[in-house]
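The residues making up each chain are set out below.
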Amino acid sequence: MLLIPCPWCGPRDEAEFHYGGQAHVAYPENPAALSDEEWARYLFFRDNPKGRFAERWNHTAGCRRWFNAVRNTATNEIEAGEVTA
Amino acid sequence: MRDVPEHPDWLWSSPEPKRSYDVVIVGGGGHGLATAYYLAKNHGITDVAVLERGWLAGGNMARNTTIIRSNYLWDESAGIYEHALKLWEGLEDDLGYPILFSQRGVLNLAHSLQDVRDSVRRVHANRLNGVDAEWLGPDEVKEICPIVNVSPDVRYPVLGATYQPRAGIAKHDYVAWGFARAAAAMGVHLIENCEVTGVEVADGRVQAVQTTKGRIAAGTVALAAAGHSSVVAATAGVELPVQTHPLQALVSELLEPVHPTVVMSNAVHVYVSQAHKGELVMGAGIDPYNSYRQRGAFHIIEQQMSAALELFPIFARAHVLRTWAGIVDVTPDASPVVGKTPVDGLLVNCGWGTGGFKATPGVGWCYAHTIAHGEPHPLNAPFSLERFTTGALVDEHGAAAVAH
Amino acid sequence: MTSRRMTGWQGETVRFRFDGRDYEGVRGDTLASALLANGVRAVAASPALGRPRGIYAAWTEEPNALVQVAAEPMLQATTVELRDGLAAHGLSGRGRLTDETDTARYDAVHAHCDVLVVGAGPAGLAAATVAAETGARVIIADDRPIAGGSLPDTAETVGGVPGAEWAAATLDALDGRPDIRVLRRTSVFGYYDDNYLVAVERRGEHAHSRERVWRIRARRVVLATGAHERPIAFAGNDRPGVMLAGSARAYANRHGVLPGDRAVVFTTNDSAYAAARDLAAAGVEIAAIVDTRDTTGGGTDGVEVLAGHVVTAVGGDDGVSSVAVAPSDGGAGREIEADLLLVSGGWSPLVHLFSQSGGDLRFDDGIGSFVPASARQAVEVAGAARGVFTLAGCLEDGAATGARAAEAAGFRVEGTFEIPRTPDEDPGTPPGHLWLVPAADYSTHFVDLQRDVTVADVMRATGAGLRSVEHVKRYTTAGTAHDQGKLSGVLTSAVVGHALGLPLGDLGTTTFRAPYVPVGFATLAGRHRGALHDPVRTTSLHEWHVAYGAPFENVGQWKRPWYYPRAGEDMETAVLRECGAVRKSVGAMDASTLGKIDVQGPDAAEFLDRIYTNMMSTLKVGAIRYGVMCRPDGMVFDDGTVIRLADDRFLVTTTTGNAAAVLDWMEEWLQTEWPGLRVYCTSVTEHWATVALAGPGSRDVLAGLAPGLAVDAASFPFMTWRDTEVAGLAARVCRISFSGELAYEINVNAWDGLALWEAVMETGVVTPYGTETMHVLRAEKGYPIVGQDTDGTVTPADLGMDWVVSKKKPDFIGKRSFARADTSRPDRKHLVGLLPADPGRLLPEGAHLVETSTLPEPPVPTLGHVTSSYRSAVLDSTFALALVSGGRDRMGEVLYVPLGDEQVPVTVTSHILYDPEGARRDG
C-alpha cells in the first residue's frame, strides 16, 4: 500500500488512486498525418524503465484530479518535489 | 515417505562463459531453458549459453502458480498453448525428470450472464481447435470440485464453468531443472550470476552481449527475460510494447487433500489449486502500477482472501504461510511477442504476462525454431511485433478470463 | 502421569485433551508447556521419516510440535494458549480443513502513528517509553500474552524487581496514556512500502471479533523483535528431549515446567550457562556442559564443563536417554545418561521485518549472524534484533533508538530517560561458531526438523551441482515448512557454506517473506464476505421488483430484474409474454441503472464531438442523438444517448456496466489532454429513476399520466425530450426507443421513482418487463449491446454503423485507427443476423460458425460466433445475431453451427430482422 502524495489532498493510501501509466505522452496533434508506425507507437508503446519513471495518477476516491509523479520502479519510492498537478 | 520425488544426483555444472557462442539466450528461466533444450534436441545447435542474472529459474518460474491449460479463445493462442499442452503430456518421459504433471482439470467459473456467453464461446472455439472443453452447470461444477460454493445466495453465484479435463498443474522447479539438466547434458552452458548489461549492435546486426562476466559474442541473441525484457532490449535500441507489473501469489500450510482440481474465476478473482505436498496455491490480482520490485501491496492479498472465501468457505481457517511476487511483462492485447526485432540476430520472447509457465515447452519449441531458421514457426508467427502496427491484435482480455 | 511442574507453582487448573487423552494444565500455559508438564515428550511423528518428534522451542520458531485444534488445521503447540476444553491432536505434516462453518467475526482497523514499536521486550519498552515522553503518537505491538520479550524467560531483574513485573508495569503505564496504543497478542507480520505494516491481533474465541488486522502507517518504525537461539546440526538432533537451551529456561521460568530430569547442555556460547543455572535451581540435574570452545564461559556450581567438546550422538529411539560426547579434535568420547539435551548455537537477530522493509543485511562475524545494515525505509532496529545481547545494553539501545525515532518524526526529546538498574553482567567469553558437528554420516544431522531435511540431503544438493542457497532450499525443501525456516534457514546456508567451502556471509540468506507468522484466510478476508464482498446497488424501484417475484441479473454491482414470471410460467414463457405485450400493447421497464452524466460548460459540445464518433455539436436543444464512443484503437467502448439540455449542457447516458468507466474516461481526456476546454462532468446516475414505457399503447398511457403534455407525433417527435409532469411528478420525458416500438423514457427524481412506477402499473394496461425481454426486443431490431455483441475487438463499421462515424469531423477518438491495415480489411467480422433452418432451433450464445456441412479435423478456423440468440414473439423463427467474417457479403449464405455431432444450418441475414423500415417507432 503505497502512500501517494496527492498534490491537492496530501498523502493518501494507494487504494484511493487509479494508475495512469507513463506521463507526458500527448495525444498527437494531427493523428491523420501520422504513419501507421507512428500511430502504433502512440497507441501501444510506453516506456518501461527500471528506475525513475514519470507517471500519472488519478485520485479517484478523493479529489478525482490527475497528477504526475516521479517514482523509482525499482524501489517504488516517489520522489519528493516531483509531484505536479 | 517423501511427498514429492527426489531430484537426481546430478543436475548441471557451472562453467565459466566462453568468449563467443552461436546463440546466447538471455534469461535462465523456464522459457530460456526450454529454448536451449529444444535448440539442442530439435536443431542440433549446442554452442549455446543461457545467461542468468541470478540463480536458474529463480524469477517467474519459481513464483508462478503452475497452472497449465490451453483453453484460450483465439485460434492463434489455442495453437501455441495446445502445442505446449501436448508437449507437457510427454515431457516427463522426454526429459527423464519427474515433473509431477497432474492433469486434474481446470474449471473457469462464470458468475454473470455475460460470463456465461463468453465461456460458452470459448468452449466452442476450443472444440474447433481440438482443445478439450466442456460447459458445466453449477451441479456439475460441484461434482468435480465439491468444495466450491455453488449456492445461489452468494454475492456472485456460480452460474457454471468451462472445464478442460487435460489441464492441470506441474511442479515448477522440477520442470525448470528437467530442461536445465537435459540441455546441459547436450552441451549447453548454463551460466548463473551473469547479468546482461548491454546488447552490442553494429550495422543493424547483433554482435555480442556485455555481461557482469565480460563480453560474450554471439551470432544470435535471444531474449527470454520476462519482466526485464524492456530493460535488456532498450540497450539494443529496441522498444517493446510491454509494461512490467508485480503479480503476487501465496500458499497455505500443508493440508490433507480437499481440492481435487484447479479453479479459476475472473469475476470473483481467484485461482487456486492444491499442490502435491498439500498446500493451497493461490494467485492474487496484478498490482496496477509498473514496478520491478518483486513485492506487491498487501491489500491485494486481503482482497484475494475475501474472494477465495466467497467461493471456498471451507478455506476459512486455513492460514497464509508465505506470499511472494513475480514481475510480469504485460502487452496491450494480453498476448505475447515472440519473434524478430528490427535488429538482425536479436530475437525477442516476452509479454507473456501472467501466462508464461503453461506455455513453457510450447514457446521453447517455437522460439528454438525461430532461432534456428531465422524465421518464426507458424505457431508463433501471429505473435509478431508488427501486429501492433497493423492492428491485428490477439486480444485475450475479453473472453479468456485472467490469463494465468 | 507424573507432573513436571515445579512444586509450589500456582495456577488455576485448566482441563484439555490431546490425542484423545485428558490432561490438566494451568492458566497461562501454552499447549506445549502443559504437555511438557504432563510428561508428554513426543507430539507427532515426522512427516517424511516417521521419527518421533518433541517440543523443540517455546514460541513461534517451533519446528516440530504442530497440532490441529478443532477447525484450526495447523498451529504450533508452543503458541496455543491453553483454555478449558481445548482439544488438540498432533500433526504429522498435514492439517485438515473441516466443513464446519466459521461463524466467527473478523475485522480490520487502520491506524496511524509517529512511532511504531514492534516488540515489548526490554528494548521495545524503553524505546516506546522514551518516544511517548516526547509527545509522539506511539503504537507498541507485542505478539505474546505477557509483555517483556525474554524477561519472563530469563527471570532477570530490572530496577530491582523481576523483569516480567517491570515489563508489565511499564506497558500498563504506556497503556494509560492518551496518545499511546498498546496492542497485545498482536503479531506484526508484514512490512510493506512507505512504512505500511500489517499486524494480526488475536482477541480470543469469544471476543466480538476473533482476530483483527491492524493496518498501520507509521512515520518511523522501531523494530525490537529480539533474537532466536540457533540450533546445531549433530547426529540425532531431532530426538524428543533435544531442546533449545533458552526455551528450556523459558519453560522453567515462565511456566514452572521442567522439561526433563537430567540434562546435558551443548553450547557454543555463554547464554546456555545461565539457562543451566536457572534449570538447576528449578530442580533439573545438569549432568554436563559440553562447550565447543576451548575457553569456556566459566561454569555453574558443581557441574562438569567439557571444553572443546561436541555432541556426537544421542541415544534413545523415543526420546533422549543418553548423549555421546567427544573432543572436537577427535579423541575418545564418552556417553552421559540424560533425558534432556539443551542446545545453544548462539543467537540470531530477528531480521525478518527489517529485511521485508527492503533493508540490507550484513554478516557479523562476532556473533556469527546476519544483522541489519542499511535501511531503505524510516526504520531503526534496537536491542537483540541488531545483535545487542545484554539486558542493560538492550535497555540503553532501546531508549536511544526510541529517542532517535521520535526526533526523526519531528518531536523533541527533553530530559533523559533513566535506564532501570540491572544486575551486573559478566562480559563473558566470546561466542564460538559451530553449525554442524563433523561426522562421516550426516543422515541424522537434521537441518529442518519439520521437512525432515538432513545435512546429508543438503550435501546431496550441492553434490548435484547446486551453488545457490535458493536452489538447495528447493532441492531439499528445507525452510519451506510451517515455521518458514525460522530456525532452519540460516542453518541451511551454513551447511551449504560448509559443503562448498564458502563463508556464510558470502552465501547470504534466502528471501524473508511476509507473513512472519501464519495468518488465517478468514482473518484477512475480514468483513468483506457474503453481502459485503462487493456493494450491492439497487434502484429506487427495487422493492417492487422483489415483491413482484422477479429474479435478478447481476449487471456490474447492480441488481436488475430479469423477468417477471407469473404463476406457472417458466422463463421462456414469461419472456415471450413480455415481448408480445410490448410489441402489441405496452410494457414498462426499470431503466434506472443506465449511467447518466451531466456534461456542462461552454465547450461541452466541442468536447462531445471529440469523444463520440458522430457529431454532437449540431444537436439542437431539445433533441436527442444516439452516439458511440471508441477507444483510440478504434474499438467500440460504449454507446448511449446524448440529450441537449441547453447550448452548454448535455445529459449523456452510458451502458449500466460502463457508467463509472465513461465518467473516468471523460475526466481523463478533459484534465490531461484538453485542459483548455471548459467542461465539467458529474455523475447523476443515482439522481434519476428512469421508467421505459414501450409499445404501441405507450402514447395513450403517457397521455393519461401526463395530461399537460402534447404527446402526438408531431408535437413530440422521435428523438426529442420534454420537461413535464407525469403522475403529478416533475419529469423529463425522452422519446427514444430501444425496441423499435413507440417508446418513452420517463425520468423523475429517484425519490419519486416508485411513485411513478406504481402510477404506470395502476393504469392496468402496462406489462412490466425485465432485462431479458429488453435484450430480445433490441436484438430483433439489430441494436447491439456493448459487451455482448462487442468484445473490445469490434469497430462501429463492424457493427454496420458507418452512419454513426462522422466523415466531417477532422478527428475524434479512434478515427485514426480505422485507417490501419487490419481495421480496414473487408473480411473483418460483421454483425449479421442468423436464421436457423429449423425455426424452432435456438442456437446457444457463444456457438461458432463454419463454412462446411461436415466438420473437418481440428484445428478448424472459425468464421465467427453467435453473440445473441432468442426466441421471438413476432418472428416466425428463433433468431440470432453473430459476428461473422465478411458477414455483410454473405447475405443469404448457409453456414453451419457445430453443436456436438451436429452441423446446424443457418442462413445469414441482415441484423435487422424486425420492422427494417422503422415504421413502428411513431406508433
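Just so it is clear, the structure is predicted and the values come from calculations on it, not from any experiment.

1. Notes on the overall build of chain C
- The number of helices and strands found in chain C is 20 helices and 50 strands.
- Computed over C-alpha atoms, the radius of gyration of chain C comes to 38 Å, more than 25% over the 29 Å expected from 2.2 N^0.38 for 923 residues, which places it beyond the range of a compact globule.
- Judged by the C-alpha coordinates and their principal axes, chain C covers about 115 × 70 × 55 Å.
- Scored against the burial criterion, the 923 residues of chain C give a buried share of 62%.
- Sequence separation of 24 or more characterises 64% of the internal contacts of chain C that already satisfy a separation of 6 or more.
- As displayed, chain C offers around 33400 Å² of accessible surface, 50% of which is attributable to carbon and sulfur atoms.
- The centroid of the 86 positive side-chain charges in chain C is displaced by 3 Å from the centroid of its 116 negative side-chain charges.

2. Quick notes on the confidence of the model for chain B
- Summing up the model confidence of chain B, the mean pLDDT is 95 and the portion of residues at 70 or higher is 98%.
- With pLDDT under 50 throughout, residues 399–404 of chain B is counted as low confidence; its partners more than four residues away or in other chains account for 27 contacts.

3. What about the side chain of R828(C)?
Residue and element names in this part refer to chain C.
- With respect to the element layout, R828 can be found in the loop between helix 20 (771–780) and strand 45 (829–836).
- Assessed through its relative accessible area of 7%, R828 is described here as buried.
- One polar contact links R828 to D798, side chain to side chain, over a distance of 2.9 Å.
- Here R828 is in contact with M635, T793, T795, D798, D822, T823, V884, S885, G886 and G887, once residues within four sequence places are set aside.

4. As for the interface of chain C and chain B
- Residue-level contacts link 101 residues of chain C with 78 residues of chain B.
- For the pair chain C and chain B, the two sides together bury roughly 7600 Å², of which 54% comes from carbon and sulfur.
- Of all residues in chain C, the largest losses of buried area upon contact with chain B belong to R94(C), L97(C) and F521(C), amounting jointly to 12% of the total for that side.
- Here chain C and chain B share 9 salt bridges between them.
- E845(C) is the salt-bridge partner of R117(B), the closest N and O atoms lying 2.9 Å from each other.

5. Observations regarding the domain arrangement of chain B
All names here are of chain B.
- Domains assigned within chain B are domain 1 (12–65 + 172–242 + 332–390) and domain 2 (104–165 + 243–330).
- With 17 residues of domain 1 in contact, the opposing surface of domain 2 contributes 19 residues.
- When domain 1 packs against domain 2, the two sides together hide about 1300 Å² of surface, and 53% of this comes from carbon and sulfur.
- By the criterion of area lost to domain 2, the three top residues of domain 1 are R63, T65 and V242, representing 43% of everything that side buries.
- Our count for the contact surface shared by domain 1 and domain 2 stands at 0 salt bridges.
- Here domain 1 is connected to domain 2 by 7 residue pairs in polar contact (both at pLDDT 80 or more).
- For the side of domain 1 that touches domain 2, the element with the most residues is helix 6 (residues 229–234), which contributes 3 residues.
- Of the residues contributing to the side of domain 1 that touches domain 2, the split by class is 7 nonpolar, 9 polar and 1 charged.

6. Regarding the side chain of D483(C)
All names here are of chain C.
- Tracing the sequence through the fold places D483 in the loop between helix 10 (469–476) and helix 11 (488–500).
- One buried charged side chain, D483, makes no salt bridge at all; its nearest oppositely charged neighbour is K486, positioned 6.9 Å away.
- With residues near it in sequence (within four places) discarded, D483 still touches E61, E62, P63, Q76 and Q450.

7. Points about the UniProt feature "domain: Rhodanese" (unreviewed entry) in chain B
- Taking the numbering used here, the UniProt-annotated feature "domain: Rhodanese" (unreviewed entry) corresponds to residues 23–67 of chain B.
- In residues 23–67 of chain B, the share of helix is 31% and the share of strand is 20%. The end C-alpha atoms are 30 Å apart.

8. A look at the interface of chain A and chain C
- Opposite the 23 residues of chain A that make contact, chain C presents 24 residues.
- Carbon and sulfur atoms supply 45% of the area buried between chain A and chain C, which totals about 2200 Å² over both sides.
- Linking chain A to chain C there are 6 salt bridges.
- The salt bridge involving E668(C) is made with R56(A); its shortest N-O contact spans 2.7 Å.
- Taken together, chain A and chain C are joined by 18 residue pairs in polar contact (both at pLDDT 80 or more).
- Ranked by residue count, the leading element in the side of chain A that touches chain C is helix 1 (residues 36–44) of chain A, at 5 residues.
- Of the residues assigned to the side of chain A that touches chain C, the class counts are 14 nonpolar, 3 polar and 6 charged.

9. Looking at the pattern of salt bridges
All names here are of chain C.
- Under the defined criterion, the tally for this structure stands at 79 salt bridges over all chains.
- Across the pair E205 and R210 runs a salt bridge, and its minimum N-O distance is 3.0 Å.
- Looking at E205, the relative accessible area reads 36%, which means it is partly exposed.

10. Quick notes on the pairing of strand 1 (residues 3–6) of chain A
Residue and element names in this part refer to chain A.
- Residue alternation in strand 1 divides its side chains into a buried set, I4 and C6, and an unburied set, L3 and P5.
- Bridge analysis of strand 1 against strand 2 (residues 10–13) gives 4 bridges, and the strand direction is antiparallel. By the bridge assignment, C6 is partnered in strand 2 with G10.
- Counting the residues that bridge the hairpin from strand 1 to strand 2 gives 3 residues.

11. Quick notes on the confidence of the model for chain C
- Counting all residues, the mean pLDDT for chain C is 96, and 99% of those residues have values of 70 or more.
- Listed scores for the predicted complex are pTM 0.96 and ipTM 0.98.

12. Structural notes on the nonpolar core
- Formed by 143 residues in total, the largest nonpolar core has its most connected members in W88(B), V599(C), F607(C), L608(C) and M666(C).
- Each residue touching F607(C), except ones within four places of it in the same chain, is listed here: V599(C), M666(C), L670(C), W674(C), L677(C), V679(C) and C681(C).
- Membership of the second largest hydrophobic core comes to 66 residues, among which are L250(B), A307(B), F315(B) and V517(C).

13. Structural notes on the sheet that holds strand 20 (residues 305–307) of chain C
Residue and element names in this part refer to chain C.
- One open sheet accounts for 5 strands, arranged 17-24-18-19-20; its pairing is parallel. The open sheet has two edge strands with one neighbour each: strand 17 (242–244) and strand 20. Taking each pair of neighbouring strands and ignoring which way they run, the sheet shows an average axis angle of 20°.
- Relative to strand 20, strand 19 (residues 285–291) runs parallel, the two sharing 3 bridges. Bridge pairing in strand 20 places D291 opposite A307.
- This element, helix 5 (residues 245–255), spans strand 17 and strand 24 (340–344) of the sheet and lies at about 85° to strand 17.
- The strands touched by helix 6 (residues 271–282) within the sheet are strand 18 (262–267), strand 19, strand 20 and strand 24, with strand 19 carrying the most contacts at an inclination of about 175°.

14. Regarding the environment of A324(C)
- With respect to the helices and strands, A324(C) occurs in strand 22 (residues 322–327).
- With sequence-adjacent residues up to four places away left out, A324(C) is seen in contact with V310(C), V311(C), T312(C), A313(C), R334(C) and E335(C).

15. Considerations on empty space enclosed by the protein
- This model, assessed by the stated rule, comprises 11 cavities of 30 Å³ or more.
- Within this model, the largest cavity holds a volume of roughly 550 Å³.
- Along the walls of the largest cavity sit 32 residues, with K171(B), H172(B), D173(B), E279(B) and R322(B) positioned nearest its centre.
- In terms of residue class, the lining of the largest cavity is built from 12 nonpolar, 11 polar and 9 charged.
- Among the domains, domain 1 (12–65 + 172–242 + 332–390) and domain 2 (104–165 + 243–330) of chain B are the pair contributing at least three residues each to the lining of the largest cavity.
- Approximately 470 Å³ is the volume found for the second largest cavity.
- Lining the second largest cavity are 36 residues, with H352(C), Q484(C), G485(C), G489(C) and F512(C) sitting closest to its centre.
- Secondary structure elements with two or more residues in the lining of the second largest cavity: strand 16 (227–229), strand 25 (347–349), helix 7 (352–356), strand 27 (369–372), helix 10 and helix 11 of chain C.

What counts, and at which threshold
Residues numbered from 1 in each chain as written. Chains lettered and ligands numbered in written order. Predicted model: local features only at pLDDT ≥ 70, side-chain atom pairs only at ≥ 80, totals over all residues. Heavy atoms only, no water. Helix = DSSP H or I, 4+ residues; strand = E, 2+ residues; numbered from the N terminus. Rg over C-alpha atoms; globule rule 2.2 N^0.38 Å. Buried < 20%, exposed > 50% of the residue type's maximum accessible area, 1.4 Å probe, protein only. Contact = heavy atoms within 4.5 Å. Areas by Shrake-Rupley, 256 points an atom, 1.4 Å probe, with all protein chains shown as cover. Lys, Arg positive; Asp, Glu negative; His and termini not counted. Charge placed at Lys NZ, Arg CZ, Asp CG, Glu CD. pLDDT = per-residue confidence, 0-100. Polar contact = N/O pair within 3.5 Å; in protein donor to acceptor, adjacent residues only side chain to side chain. Buried area = accessible area lost by both parts, 1.4 Å probe. Salt bridge = Lys/Arg side-chain N within 4 Å of Asp/Glu carboxyl O. Domains from an automatic or database assignment. Nonpolar A, V, L, I, M, F, W, Y, C, P; charged D, E, K, R; others polar. UniProt positions renumbered as here; feature names shortened; annotations may be inferred. Pairing = 2+ DSSP bridges. Core = buried A, V, L, I, M, F, W, Y, C linked by side-chain atoms within 4.5 Å. Axes fitted to C-alpha atoms, helices over the stretch in contact; angles between N-to-C directions. 1 Å grid on protein atoms, 1.4 Å probe; cavity = no way out; pocket = protein on both sides within 12 Å on 5 of 7 lines; lining within 4 Å. Points joined across faces, edges and corners; volume = space filled by probe spheres on them.

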